[in-house]
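# A closer look at the structure
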Amino acid sequence: MDKKSPKVIYYRDELNDEFSKAQITPKRIDASYRYERKSFFAKAAHVFLYRFVAIPIAFVYLKVKFGHKIINKKALKPFRKKACFIYGNHTQTSADPLIPTFITFPYRANIIVHPNNVSIPIVGGLMPYLGAIPLPDDMAANRNFIKCIEARLQKGQAVFIYPEAHIWPYFTGIRNFKDTSFFYPVKYDTPVFCFTNTYQRRKWRKTPRMVTYIDGPFYKDTQLPPRVQKSELRDRVYECMCERAKNSNVTIIKYVKEETIDD
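The structure reproduced in this document is the subject of the present report. (Residues numbered from 1 in each chain as written. Predicted model: local features only at pLDDT ≥ 70, side-chain atom pairs only at ≥ 80, totals over all residues. Heavy atoms only, no water.)

### Some details on the overall build of the protein
- Within the protein, the regular secondary structure consists of 6 helices and 9 strands.
- Taken over the C-alpha trace, the protein has a radius of gyration of 18 Å; the compact-globule value for 263 residues is 18 Å, and the two agree within 12%.
- Here the protein holds 263 residues, and 47% of them are scored as buried.
- In the protein, once contacts between residues fewer than 6 apart in sequence are set aside, the share between residues at least 24 apart is 78%.
- When the accessible surface of the protein is summed, it comes to about 14300 Å², and 56% of that surface belongs to carbon and sulfur atoms.
- Averaging the locations of the 44 positively and 24 negatively charged side chains of the protein gives two centres separated by 12 Å. (Helix = DSSP H or I, 4+ residues; strand = E, 2+ residues; numbered from the N terminus. Rg over C-alpha atoms; globule rule 2.2 N^0.38 Å. Buried < 20%, exposed > 50% of the residue type's maximum accessible area, 1.4 Å probe, protein only. Contact = heavy atoms within 4.5 Å. Areas by Shrake-Rupley, 256 points an atom, 1.4 Å probe, with all protein chains shown as cover. Lys, Arg positive; Asp, Glu negative; His and termini not counted. Charge placed at Lys NZ, Arg CZ, Asp CG, Glu CD.)

### A closer look at helix α6 (residues 226-245)
- Taking 1.5 Å as the rise per residue, α6 with 20 residues should run 28 Å; its terminal C-alpha atoms sit 29 Å apart, in good agreement.
- The set of residues buried in α6 consists of Q229, L233, R234, V237, Y238, C240, M241 and A245. Looking straight down α6, one finds that the buried residues subtend no more than 165° of arc, so they occupy a single side.
- Buried residues along α6 sit against β3 (84-88), α5 (183-188), β7 (192-200) and β8 (209-218). (Expected span 1.5 Å × (residues − 1). Arc of directions from axis to C-beta.)

### As for the sheet that holds β7
- Read from one edge to the other, the open sheet built from 7 strands follows the order β2-β8-β7-β3-β6-β4-β5, with strand pairing classed as mixed. A strand with exactly one partner marks an edge of an open sheet, and here the two such strands are β2 (69-71) and β5 (132-134). Within this sheet the neighbouring strands show an average axis-to-axis angle of 25°, counted without direction.
- Both strand β4 (residues 109-113) and strand β6 (residues 158-161) contribute to a ladder of 3 bridges, which runs parallel. Looking at β6, one finds that A109 is bridged to A158.
- The sheet contacts of α6 involve β3, β7 and β8, and relative to β7 the element is tilted by about 25°. (Pairing = 2+ DSSP bridges. Axes fitted to C-alpha atoms, helices over the stretch in contact; angles between N-to-C directions.)

### A closer look at the side chain of T212
- Within the secondary structure layout, T212 lies in strand β8.
- A relative accessible area of 0% places T212 in the buried class.
- A distance of 2.8 Å separates a polar atom in the side chain of T212 from a polar atom in the side chain of H68.
- Polar side-chain contacts of T212 include one of 2.6 Å to the side chain of N197. (Polar contact = N/O pair within 3.5 Å; in protein donor to acceptor, adjacent residues only side chain to side chain.)

### Observations regarding the environment of T25
- With respect to the helices and strands, T25 occurs in the loop between β1 (7-11) and α1 (40-66).
- Sequence separation of T25 and S119 is 94 residues, and the distance between their C-alpha atoms is 7.1 Å.

### Digging into the pattern of salt bridges
- This model, assessed by the stated rule, comprises 10 salt bridges.
- A salt bridge links R152 to E36; its shortest N-O distance comes to 3.4 Å. Separated by 116 residues along the polypeptide, R152 in helix α4 (residues 139-154) and E36 in the loop between β1 and α1 bring together distant segments of the chain.
- Assessed through its relative accessible area of 6%, R152 is described here as buried.
- Judged by relative accessible area, which is 26%, E36 ranks as partly exposed.
- Here E243 ties to K246 by a salt bridge, and the two come within 3.1 Å at their closest N and O atoms. (Salt bridge = Lys/Arg side-chain N within 4 Å of Asp/Glu carboxyl O.)

### A short note on unusual backbone geometry
- A cis amide bond links F105 to the next residue, P106, at an omega of 10°.
- Along the chain, P106 turns up in the loop between α2 (99-104) and β4.
- Between G216 and the following residue, P217, the backbone shows a cis peptide bond with an omega angle of 5°.
- Among the structural elements, P217 can be located in strand β8.

### Quick word on the side chain of S20
- Considering the arrangement of structural elements, one finds S20 in the loop between β1 and α1.
- A distance of 3.3 Å separates polar atoms of two side chains, one belonging to S20 and the other to T93.
- Not counting residues up to four positions away in its chain, the partners in contact with S20 are T93 and I167.

### As for α1
- In a regular helix each residue adds 1.5 Å, so 27 residues correspond to 39 Å; α1 covers 36 Å between its end C-alpha atoms and thus fits that length.
- Along its length, α1 shows its largest kink, about 40°, at A54, and proline P56 lies within four residues downstream of that point.
- Of the residues making up α1, those classed as buried are A42, A45, H46, L49, Y50, A54, I55, A58, L62 and F66.
- In the segment just after α1, G67 is the residue with positive phi, at about 55°. (Bend = angle between axes of the 7 residues up to and from the residue.)

Here's what the structure looks like:
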């Protein structure tokens, strides 16, 4: 625990409360949204932005602010250039879009994101070139979204998902999350990995070190019906992340459910 008392945030709904400070009006992701950008310009833009802009800036930011470190990256080595889904906990507005880049580096990271991420002025327009895949708002867009996911998997790329969906800054546990997104690895018969961001004390810095642990692979249990496969797979990933979260040893923000407050 911190020597100083941590900031306290009260929540009501673990599944739906959002504590990101970013105020963004999301654009509607409909049939007109271009998920696939296949032109020469788009491919060149991706290479330039990814290699020469995003990577250097992200590396410096994560190292300077968080002293970021990844543990057990070797677990992914046998799966380079192979399709997989990678799930992680959602605890930072600015760092979370960057961490997947270094988990799969030098290979591409695709991240399923909220439409907010592609709605930020100027920066939002660059996000798709860095691997952001926004969630669709209607059925027509959903068809294009699925085609995009399938295309990335066919290329042997990793797709990242934050199943908690909402950002709780510096949260040191793992929030309960639904099994909905585990439909993908069950349907496409791909391995699953998880990464758990933890916060650990640093002697000379107020901002704790962020240490990311990678675990897997996990596979669906083919002895179970498909509907049960996704919930069972979710449970194993959740339990693994909860165990890894115990490596956090500093609390910057304490989250307290409102119903537990004394009158």
